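A closer look at the structure
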Amino acid sequence: MTDKPKILLIEARFYDDLADELAAGAIEVLEKADAEITRISVPGVLEIPAALSMALIGAEVADADIYDGYVVLGVVIRGETTHYDIVANESARAIMNMVTSEGLALGNGIQTVENQEQAWARANRSEKNKGGGAAEAALAMIENKKKFGL
């Protein structure tokens, strides 16, 4: 692992304006850390685990540690149906399974909220800046991996 962390940023684009703000917060933090960022997008939060899995398989095939850490960003807003529960729970479960089985340094910035107002309060860099928080978490976990000799 080099001194310059290599980060894969995976963002769900279902809510473009919120995705842009979450990504801006994450990128701001990562650039301050002099990270090398690869940014990819997926249609929605439910596709994030598949993209993360593809990245891990790609690294295995290449027999290389392509990324030091990962940041996942997206928004799930409760609607009129139970689809919200499926998206929130299944994506979280799949991501956590990969994090724990693969020892990934990952910052999870997927927001699960009741409405747009809550989503914006969490996405806005001037408020909760959850995109920036997810990037900080990924960087902190990269440091923990180093401490464990991984």
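Notes on the structure in this doc start here. (Residues numbered from 1 in each chain as written. Predicted model: local features only at pLDDT ≥ 70, side-chain atom pairs only at ≥ 80, totals over all residues. Heavy atoms only, no water.)

The volume enclosed by the second largest pocket comes to roughly 280 Å³. Along the lines of polarity and charge, the residues of the lining of the second largest pocket split into 9 nonpolar, 4 polar and 3 charged. (1 Å grid on protein atoms, 1.4 Å probe; cavity = no way out; pocket = protein on both sides within 12 Å on 5 of 7 lines; lining within 4 Å. Points joined across faces, edges and corners; volume = space filled by probe spheres on them. Nonpolar A, V, L, I, M, F, W, Y, C, P; charged D, E, K, R; others polar.)

Right, let's get into the pattern of salt bridges. Taken as a whole, this structure holds 11 salt bridges when the rule is applied. For aspartate 16, the salt bridge goes to arginine 13, with nearest N and O atoms at 3.2 Å. With a shortest N-O distance of 3.0 Å, glutamate 114 and arginine 78 are connected by a salt bridge. Remark: arginine 78 occurs in the loop between strand S3 (69–77) and helix H3 (83–102) and glutamate 114 occurs in the loop between strand S4 (106–113) and helix H4 (116–123); sequence separation between them is 36 residues. Judged by relative accessible area, which is 40%, glutamate 114 ranks as partly exposed. The network of salt bridges with shared partners includes Glu11, Arg13, Asp16, Asp20 and Arg39. (Salt bridge = Lys/Arg side-chain N within 4 Å of Asp/Glu carboxyl O. Helix = DSSP H or I, 4+ residues; strand = E, 2+ residues; numbered from the N terminus. Buried < 20%, exposed > 50% of the residue type's maximum accessible area, 1.4 Å probe, protein only.)

Moving on to the packing of helix H1 (residues 16–32) against H4. Each packed pair of helices is defined by two parameters, the angle between the axes and the distance between the axes. The N-to-C vectors of H1 and H4 enclose an angle of 20 degrees; their axes lie 9 Å apart at closest approach. Put simply, H1 runs roughly parallel to H4. Of the two possible hands of crossing, H1 and H4 adopt the one that is left-handed. Side by side, H1 and H4 meet where Asp17, Leu18, Glu21 and Leu22 of the first sit next to Gln116, Ala119, Trp120, Arg122 and Ala123 of the second. (Axes fitted to C-alpha atoms, helices over the stretch in contact; angles between N-to-C directions. Parallel < 35°, antiparallel > 145°, perpendicular 65-115°, else oblique. Left-handed = near helix turned anticlockwise from the far one by under 90°. Contact = heavy atoms within 4.5 Å.)

On to the environment of leucine 56, then. Relative to the helices and strands, leucine 56 is located in helix H2 (residues 48–62). Classification of leucine 56 as buried rests on a relative accessible area of 17%. It is 23 Å that separates the C-alpha atoms of leucine 56 and glutamine 111, two residues lying 55 residues apart in sequence. Leave out the neighbours within four places in its chain, and leucine 56 touches Tyr70, Met98, Glu102 and Leu104.

Turning next to the packing of aromatic side chains. The tally for this structure, following the rule as stated, stands at 2 aromatic pairs. A ring pair is formed by phenylalanine 14 and tyrosine 15, whose centres lie 5.0 Å apart and whose planes are at 80 degrees; its orientation type is edge-to-face. For tyrosine 15, a relative accessible area of 22% translates into the label partly exposed. (Phe/Tyr/Trp six-rings, centres within 6.5 Å; stacked < 30°, edge-to-face > 60°.)

Of all the 8 residues making up S4, 6 are buried; the element is thus mostly covered by neighbouring parts of the structure. Taken together, the 8 bridges between S3 and S4 define a ladder with parallel strand orientation. Paired with isoleucine 77 across the two strands is valine 113, which belongs to S4. Once the chain exits S3 it traverses H3 before rejoining the sheet at S4, and the crossover so formed is right-handed. (Pairing = 2+ DSSP bridges. Right-handed = clockwise from strand over helix to strand, strands pointing away.)

So, on to helix H5 (residues 130–147). With 18 residues, H5 should reach 26 Å at 1.5 Å per residue; the first-to-last C-alpha distance of 25 Å fits that figure. Within H5, the full set of buried residues consists of Gly131, Gly132, Ala134, Ala135, Ala138, Leu139 and Ile142. With its buried residues spanning 165 degrees around the axis, H5 presents them on a single face. Where H5 is buried, its residues meet strand S1 (6–12), H1, S3 and S4. (Expected span 1.5 Å × (residues − 1). Arc of directions from axis to C-beta.)

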